Amino acid sequence: MANGQWYPPEWPDRIRALADGSLTPVTPKRAATVMLLKDTATGPSVHMLRRRTSMAFAGGAYAYPGGGVDPRDEQQIRWAGPTRTWWARRLGLEEAAAQAIVCAAVRETYEEAGVLLAGPTDDSVVGDTTGEDWEADRAALVARDLSFAEFLDRRGLALRSDLLGAWTRWITPEFEPRRYDTWFFVAALPEGQRTRNASTEADRTVWIRPTDAAASYDKGELLMMPPTIATLRQLTPYDSAAQTLTAAPDRDLTPVLARARLGEDGEIVLAWPGHDEFTKHIPTGGTSS
C-alpha cells in the first residue's frame, strides 16, 4: 500500500459474507476520543498514541486517547459548562446518552494520557496530576473499581464540558467484528498539565503537527485508520488550539459509515461517503487497489 491506511486482510471475505447474508452486523458500542492540542511556535500539535501491535483491533496504528462508554458514565456527576440539554442537541442524543459520551471523552483522556479536563470550580482546571495519589485513582478508574462520578466527588471536582468541542462522528463499518460509534472531540492541553503514556494499549506517544503526521501517513510511515487521518487533515487549517475549538460548534456531526457494494464481476468497491481518498477497489481475487 502506498500510504499508511489501515486495511485488514480479512475485510474482502467479511464484505462478501455481509453481502450474501451469512454475516450479521454486530451492534456498535458507544465510544469517544479526544484530539488533545497544544500550541507551539510552529502551530498546534496533537497528541497521538501508537496502539501495540499485539492489539486485536488496529494494532500498530496511530490514534488519539479514547475508548468505550462505561455504563456508569450516565451517573449523576458534577458538571460545568454547557448543560446536558445543550449537549443532547449538539450530539443528537438523549440527555443521559449525551452526558455519557462527554464523560467518556474526559475519563478516557485521563485514563490514557493523564490529562484531566476538570476543576474545583466552573472556571478553573486542576494543575499537575502526576502524583502517586492521582495515579492510584487513575488506575482504579482503568480497572473500573471507581466510577468517574465517584472520582470527581472524592476530589471535589466538576467535569469541564466547556473545554471540549464536538468535531465529528464515525461508525465502524458493518462488516467489522468490533464496531464502535465514536464521537471525536477537540480540546486544549490545560496549563500546568502534561501528557504521559498511561495506556496499556499503547507502546509510544507523540506530540506532532497534523501536517507532519499527515505527510508521514502519505509516505506510508505512519499507519492510521480512516477516521484518524481524516481528522488530522481537518485540523491543518487552524493556527491555534483556541481557533480549532472555536470552529467546533459549526462542525457537521452526521455519522460517517463506510459502504461496500459488489460489482457484476465480483469486484468490491469500498467507500467512505465524503472521503474519496479512502475508496478501495477490491478485485475478485481479494487485494485492493
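Notes on the structure in this doc start here. (Residues numbered from 1 in each chain as written. Predicted model: local features only at pLDDT ≥ 70, side-chain atom pairs only at ≥ 80, totals over all residues. Heavy atoms only, no water.)

The next thing to look at is the pattern of salt bridges. One pass over the structure, following the stated rule, counts 19 salt bridges. Two residues, Glu74 and Arg30, come together in a salt bridge whose shortest N-O distance is 3.4 Å. Linking Glu74 in the loop between strand S4 (66–68) and strand S5 (79–80) with Arg30 in strand S1 (residues 29–38), this pair joins segments that are 44 residues apart in sequence. Residue classification places Glu74 among the partly exposed residues on the basis of a relative accessible area of 36%. Given the relative accessible area of 29%, Arg30 is considered partly exposed. The partner of Arg233 in a salt bridge is Asp218, with the nearest N and O atoms 2.7 Å apart. Note that Arg233 is positioned in helix H7 (residues 226–235) and Asp218 in helix H6 (residues 210–218), a separation of 15 residues in sequence. Residue Arg233 is classed as partly exposed on the basis of its relative accessible area of 28%. (Salt bridge = Lys/Arg side-chain N within 4 Å of Asp/Glu carboxyl O. Helix = DSSP H or I, 4+ residues; strand = E, 2+ residues; numbered from the N terminus. Buried < 20%, exposed > 50% of the residue type's maximum accessible area, 1.4 Å probe, protein only.)

Here the focus is the sheet that holds strand S13 (residues 268–272). Pairing is antiparallel across the open sheet formed by three strands, whose spatial order is S12-S13-S14. At either margin of the open sheet sits one strand with a lone partner, and together these are strand S12 (259–262) and strand S14 (275–282). Averaged over neighbouring strand pairs, the angle between their axes works out to 15° when direction is ignored. Sheet topology places S12 next to S13; four bridges connect them, and they run antiparallel. Considered in S13, the bridge of Arg259 is made with Ala271. The strands touched by H7 within the sheet are S13 and S14, with S14 carrying the most contacts at an inclination of about 150°. (Pairing = 2+ DSSP bridges. Axes fitted to C-alpha atoms, helices over the stretch in contact; angles between N-to-C directions. Contact = heavy atoms within 4.5 Å.)

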